[in-house]
Amino acid sequence: MRTPHRWTALVPVAVLALAGCGADGAADGEITLSFANSYTADHPHTRCGLDLVAERVADAGVGVTVETFPNSQLGNNTETFTSVMSGDIDMDVQGSAALGSAYEPIGVLDAAYAFDDADQMFAYFDSEESEQLKADFEAATGVRILDVWYFGDRHFTANRPIRTPGDLSGLRMRFPDSPIYLANAEAMGATPTTVAFEEVYLALQQGTADGQENPIPTISADSFDEVQSHISLTSHQIGSQLIVVSGQSWELMDEGQQEALQEAVSTVREENRACIEESEAEILDRWAADGAMEVVDDVDVDAFRTRSRDYFAEHLDEGQRALYESLHSGS
């Protein structure tokens, strides 16, 4: 078992005692893996994601236990992925943009209107074309990508409707602090303000941010509907969440354990997507019924898409532009 000195800057001592430090391997081959995410316990990525992976790995009976840590228990996204690279956390759920801080090319997968829909996103990740990107990412970071889960389409919320790029004028819209998200803001005509995810509710409540963008289940789970009046269905990003495992932790497992973990993550993918989509429909119906948020569904998506793709054609370097354009070629 690794010593815990690298954890102390990231998470409280009480959490360290609970979580351990990276994959623990006993003499009899039993391994315990930590699996982190930043979402609440009732978010689909937890109840239809982490929890199902833990159950299926346990059912496989290969001597692996997956312990889950939702709701940023082990640190925020930047902290947890750094710990995955070092081997102090074994598994994580991360968006492509966040991973781009360690390997820039992969961030393009989170560029605005890179994909038209979830089917196109999954088709890319299952294609031979994606294999080189995954291999290059692993070589650069020491972290292996097990699969991709659907995060949901990202939409804007604010206290007024956003139907066209011009409607973003004068609004301070919260975006994650990463190069591709800030590029998305510029591509769509938004004025970005960067706020840590864990602080978004307070920023909206206090008015230091006028709006934000996230998938519907995240907006609901984190109660942004309490401090925003409108959701505008821009679908400006088909959210991809990559399930990653530390290379050190992967190598600690034997072939049967690796196969069981890979199968658990991959077979959960479709159930996770269904859970996301069911949650989206239920939340939209609830908002329509109780008036908690006004759903703006007459957005000029073509205007946003054209503006964004024109922007990226001019502002991405040659390699990133080729990847970006390949993602939606033929659409």
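These remarks concern the structure in this document. (Residues numbered from 1 in each chain as written. Predicted model: local features only at pLDDT ≥ 70, side-chain atom pairs only at ≥ 80, totals over all residues. Heavy atoms only, no water.)

Before going further, it helps to examine the overall build of the protein. The number of helices and strands found in the protein is 13 helices and ten strands. Principal axes of the C-alpha set define a box for the protein whose edges measure 60 × 40 × 35 Å. Counting only residues that meet the buried cut, the protein has 54% of its 331 residues in that class. For the protein, restricting intrachain contacts to residue pairs at least 6 apart in sequence, the fraction spanning at least 24 positions comes to 74%. Accessible surface computed for the protein: about 13,400 Å², of which carbon and sulfur atoms make up 47%. Looking at charge distribution, the protein has the averaged site of its 18 positive side-chain charges lying 5 Å from that of its 58 negative ones. (Helix = DSSP H or I, 4+ residues; strand = E, 2+ residues; numbered from the N terminus. Buried < 20%, exposed > 50% of the residue type's maximum accessible area, 1.4 Å probe, protein only. Contact = heavy atoms within 4.5 Å. Areas by Shrake-Rupley, 256 points an atom, 1.4 Å probe, with all protein chains shown as cover. Lys, Arg positive; Asp, Glu negative; His and termini not counted. Charge placed at Lys NZ, Arg CZ, Asp CG, Glu CD.)

What follows is about the side chain of Q212. Inspection of the secondary structure assignment puts Q212 in strand β8 (residues 211–215). Residue contacts for Q212: discarding those within four places in its chain leaves H155, F156, T157, M173, R174, V200, L204, I219, F224 and Q228.

Quick look at the environment of K134 now. Locating K134 in the fold gives a position in helix α6 (residues 129–141). For K134, a relative accessible area of 18% translates into the label buried. As a C-alpha pair, K134 and A288 span 154 residues in sequence and 41 Å in three-dimensional space.

Running from N to C, helix α12 (residues 301–315) and helix α13 (residues 318–327) point in directions that differ by 150°, and their axes come no closer than 9 Å. One way to sum up the angle between α12 and α13 is to call them roughly antiparallel. Residue-level contacts link S308, R309, F312 and A313 of α12 to R321, Y324 and E325 of α13. When its residues are assigned to classes, the contact of α12 with α13 shows three nonpolar, one polar and three charged. (Axes fitted to C-alpha atoms, helices over the stretch in contact; angles between N-to-C directions. Parallel < 35°, antiparallel > 145°, perpendicular 65-115°, else oblique. Nonpolar A, V, L, I, M, F, W, Y, C, P; charged D, E, K, R; others polar.)

Our focus in this paragraph is the environment of F151. Tracing the backbone through its elements, the reader meets F151 in strand β5 (residues 143–158). Relative accessible area serves as the criterion here: at 3%, F151 is assigned to the buried category. C-alpha separation for the pair F151 and N272, spaced 121 residues apart in sequence, amounts to 8.9 Å. Once residues lying within four places of it in the same chain are set aside, the contact partners of F151 are Y39, H43, H45, N214, P215, T218, G239, S240, Q241 and I276.

Turning to the pattern of salt bridges, a few remarks are in order. The full count for this structure, using the stated rule, is 14 salt bridges. In this structure, the salt-bridge partner of R154 is E213, at a minimum N-O distance of 2.9 Å. With R154 in strand β5 and E213 in strand β8, the pair connects residues that are 59 residues apart, well separated along the chain. Taken as a pair, R154 and E213 share a single burial class, namely buried. Within this structure, D116, D302, R305 and R309 form a network of salt bridges that share partners. (Salt bridge = Lys/Arg side-chain N within 4 Å of Asp/Glu carboxyl O.)

From the geometry alone we can't say anything about function, so treat these as descriptive.
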